[in-house]
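As a plain string of letters, each chain reads:
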Amino acid sequence: MEIDRKKYLSGVKRMVVKIGSSSLTAENGRLDRASIKKFVNEVSSLTRKGMEIIIVTSGAIAAGLESLGISKKPDDLTLLQAAASIGQVKLMSLYSELFSKNSIKTGQILLTHEDTTRRQQYLNIRNTINNLINLKVIPVINENDSVATDEIKFGDNDRLAAMVAVLAEADILVILTDIEGMYDKDPRIYSDAKLISFIGKIDKNIEDSAGGIGSTYGIGGMKSKIKAAEICSFSGIGTIIASSRVKNILNKIISGDDVGTFFAPRAGKRVKSVKKWIAFGKRTRGTIVIDKGAEEAVLNNGKSVLPVGVVEVRGKFSRGDTLEVLSLEGKLIAKGITNFSSEELEKIKGKNRKKILSEFGTSMCDEVIHRDGLVVFYE
Ligand code: GLU
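Because the structure is a prediction, the values reported are computed rather than measured.

Caption draft 1: Up close: the site of the ligand. Of all residues adjacent to the ligand, which total 11 residues, the nearest are Ala 60, Ile 61, Asn 142, Asp 145 and Asn 157. One of the backbone nitrogen or oxygen atoms of Ile 61 is found 2.9 Å away from an oxygen atom of the ligand. Asp 145 places a side-chain nitrogen or oxygen 2.7 Å from a nitrogen atom of the ligand. In isolation the ligand offers 300 Å² of accessible surface; the protein chains occlude 96% of this area. Of the residues in the shell around the ligand, the class split is 3 nonpolar, 6 polar and 2 charged.

Quick look at the structure:
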């Protein structure tokens, strides 16, 4: 049954709004004060109406580069990190100044992927966001670009925004960008490209048509926006991709107007908080490939992953790490917390309980991933 967009939006209270570099900067890379002001005023008016809004903002690197007089985005990570540290201050002081004109306070949170990987810290981020909202302060979040290395990066702010929506238990993620939404093909190339207003399920077709559509200053492009929508949908959260250039866009979205592209949340079972953390918060350290029988048991029979079903172990990991579980065809079917290190798993993979018991004793007789620590993506 198709979800009714208007009805869904009428029940929305907590909203994460991600605004991309292309919406915050002018052609020359300079922070576009007028656009930011317009955005801040819209957020302020919705806040006054009782909406709980969390902002995920890009623009730090762009603002920093502008300040350093660098017009082309460099590849050098250290330079980008320096730029982010300069630009983040400028960005944040602009938000703080503009919101304070509306008598609204802002609080800054800078995150790396490492911060969400420990459960306690993940919950702590959630507490801080909740506390700020209770204090009527708008959380303004960005990736901590000046400390994040590739190892600990979310990578792009679309993914970060999805993560924030999941951990803050938002009702909707709004991604504001420089394009009206998701098209059936690249509108910059094809004049007959059509805007897709509703996406019930993200499939391969949708991912393919997102292709390489991107913009000059941001990182993600359309592909990472689809990924963000996928994370939210799995967690029971709707997503809207829309253009920041449309007048009163946030109001229109909340009124359920047919603007941008709406990605429906997945119907069915609610995913427990801890499973959402395993799926998206915790970093993945390795991969296992399971056989057809194990796949069937995991997908359709609510079973744990047992050593006998594991055909391949990839990467180096320890007990307690999160693993991706792939089918023989290489499809990601689940993620979960392993009870064995990669070395241990190498020894027991493909073996049944009896064999493991005779070779190693009871200590190696666990499930590889117990059902309680397993998130299945295609139930
Ligand atoms: N965190 C980056 C910044 O503030 C932007 C990342 C992105 O564009 O997705 O500049």
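Caption draft 2: Expanded view of the packing of helix α8 (residues 157-167) against helix α10 (residues 221-234). As a packed pair, α8 and α10 sit with axes 8 Å apart at the nearest point and diverge in direction by 15°. If you check the angle between α8 and α10, you find them roughly parallel. With respect to the hand of their crossing, α8 and α10 are arranged in right-handed fashion. Mapping the contact onto sequence places Asp 158, Arg 159, Ala 162, Ala 165 and Val 166 in α8 and Gly 221, Ser 224, Lys 225, Ala 228, Ile 231 and Cys 232 in α10. Class assignment of the residues belonging to the contact of α8 with α10 gives a composition of 6 nonpolar, 2 polar and 3 charged.

Caption draft 3: Spatial organisation of the pairing of strand β4 (residues 137-143). Of all the 7 residues making up β4, 7 are buried; the element is thus mostly covered by neighbouring parts of the structure. In β4, alternate side chains face the same way, and those of Val 137, Pro 139, Ile 141 and Glu 143 on one face and Ile 138, Val 140 and Asn 142 on the other are all buried. Summarising the sheet, strand β2 (residues 52-57) and β4 pair through 2 bridges and their orientation is parallel. Its bridge partner lying in β4, Ile 55 is registered against Val 140.

Caption draft 4: The arrangement of the sheet that holds strand β10 (residues 310-314) in detail. Pairing in this open sheet of 5 strands is mixed, and the strands run β10-β9-β11-β12-β13 from one edge to the other. If you trace the sheet from one side to the other, it starts and ends with β10 and β13 (374-376), each paired once. The mean angle between the axes of side-by-side strands here comes to 25°, regardless of whether they run parallel or antiparallel. Taken together, the 5 bridges between strand β9 (residues 284-290) and strand β11 (residues 322-326) define a ladder with parallel strand orientation. Of the residues in β11, the one forming a bridge with Ile 288 is Val 325. Contacts between helix α12 (residues 273-281) and the sheet are confined to β11, β12 (332-337) and β13, with β12 contributing the most and set at about 110° to the helix.

Scoring rules and cut-offs
- Residues numbered from 1 in each chain as written.
- Predicted model: local features only at pLDDT ≥ 70, side-chain atom pairs only at ≥ 80, totals over all residues.
- Heavy atoms only, no water.
- Near = heavy atom within 4 Å.
- Polar contact = N/O pair within 3.5 Å; in protein donor to acceptor, adjacent residues only side chain to side chain.
- Areas by Shrake-Rupley, 256 points an atom, 1.4 Å probe, with all protein chains shown as cover.
- Nonpolar A, V, L, I, M, F, W, Y, C, P; charged D, E, K, R; others polar.
- Axes fitted to C-alpha atoms, helices over the stretch in contact; angles between N-to-C directions.
- Helix = DSSP H or I, 4+ residues; strand = E, 2+ residues; numbered from the N terminus.
- Parallel < 35°, antiparallel > 145°, perpendicular 65-115°, else oblique.
- Left-handed = near helix turned anticlockwise from the far one by under 90°.
- Contact = heavy atoms within 4.5 Å.
- Buried < 20%, exposed > 50% of the residue type's maximum accessible area, 1.4 Å probe, protein only.
- Pairing = 2+ DSSP bridges.

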